[in-house]
Amino acid sequence: MEEAEIALALKAFPCRIVDYSRHEIYALAGLPLTHADIVVSGTLICRMAPLHGRPVEMTRLRKGDMVAPALLFANDGAMPVSVETDTKVKVMRMTKESFQKMIDTDARLRMNFIRLISSTCVFLTRRTRVLALMSVREKVAFLLQKEAEAQNTLSITLPRSRQEIADSFGIQKFSLKRVLTEMANEGTITINGREITILRPGNLK
C-alpha cells in the first residue's frame, strides 16, 4: 500500500505511538498479547527460554514487522517468547478491536493480514526444523548458504557477532567456532574475521 493509502486507512481508527528505550523488556513469555503493534523504527529481539541452556533467539522484528500476528486473535494468546528491545524502538499500537474493524473494512488489508499469518507459520515451521533437527554443522552450513544467497556472493560478511549467531541457533559459541575451524582446515571455507569465503559449497554439509 502507498503511504497515502495507509494514512487514509488509519484515519478512521485510533492508534498511538509507543516509545521503548534500548534493552527494555517489551513482553515476557506467558503473558497475553493485548494489542496490535507494528514496529515503526528500531529492533525487537524475540527469545525463547528452553528448560535447560541459554535462551534461543527466534527472530528479530524491524520496521514494518507486526508483533506476533498469529497470536493476535488466538484463543490462547500467551506469548511463547520474551521480547526485548535491541535499540530504541517505536511501535504503532492499536487495540485488537480497532485492528479487527480496520481489516473488516478493507479486503486488501484483510488479505495482507492473512498472508502475514501464513508467512509467519511457514517461518516458524522452518525455524523449528533448524533448531530441533539439524546438527551444529548443518546449522552453520544453513547460515552460510543463506547469507551467500542473500548477498549474492560466495565471499560473505557475517551480519552478526559469533555470540549472536550462536544464540540464534541455541548452541554454544565454542561449538560454532569449532565447526568454522573444521570447515577452514578441510579447505571448505576461508575465514578473516567476519569475512568468510566459501571455496567448496558442496562440502558445507
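Structure: see above.
We now turn to the structure provided with this report. (Residues numbered from 1 in each chain as written. Predicted model: local features only at pLDDT ≥ 70, side-chain atom pairs only at ≥ 80, totals over all residues. Heavy atoms only, no water.)

### Description of the sheet that holds strand β2 (residues 25-27)
The strands making up a sheet associate through hydrogen bonds between their backbones, and the pairing can be parallel or antiparallel. Short version of the rule: Strands are labelled as partners when DSSP assigns at least two bridges between them. Counting from the N terminus, the helices are DSSP H or I runs at least four residues long and the strands are E runs at least two residues long. Whenever a helix is involved, its axis is fitted only over the stretch in contact; in every case the axis is a line through C-alpha atoms, and angles between N-to-C directions fall within 0 to 180 degrees.
A sheet is described by the order of its strands in space; here four strands give the open sequence β2-β6-β4-β5, paired in antiparallel fashion. Each edge of the sheet is formed by a strand with only one pairing partner; in this case those strands are β2 and β5 (56-61). Averaged over all pairs of adjacent strands, the angle between strand axes in this sheet comes to 30 degrees, irrespective of strand direction. Sheet topology places β2 next to strand β6 (residues 82-85); two bridges connect them, and they run antiparallel. Bridge pairing in β6 links I25 to E84.

### Regarding the packing of aromatic side chains
What counts, and what does not: The rule is short: rings of Phe, Tyr and Trp, with Trp giving its six-membered ring, pair when the centres are within 6.5 Å, and they are stacked under 30 degrees, edge-to-face over 60, tilted in between. Under the scheme applied here, a residue whose accessible area is under 20% of the maximum for its type counts as buried, over 50% as exposed, and between as partly exposed, the area being computed with a 1.4 Å probe on protein chains only.
Tallied over the full model, the rule gives four aromatic pairs. The interplanar angle of 70 degrees and the centroid separation of 5.1 Å between the aromatic rings of F99 and F113 together place this pair among those described as edge-to-face. Of this pair, F99 sits in helix α2 (residues 96-104) while F113 sits in helix α3 (residues 107-133), and the two are 14 residues apart along the sequence. Judged on exposure class, the residue F99 and its partner F113 are both buried. Through pairs of rings, three or more aromatic residues link up here, namely F73, F99 and F113.

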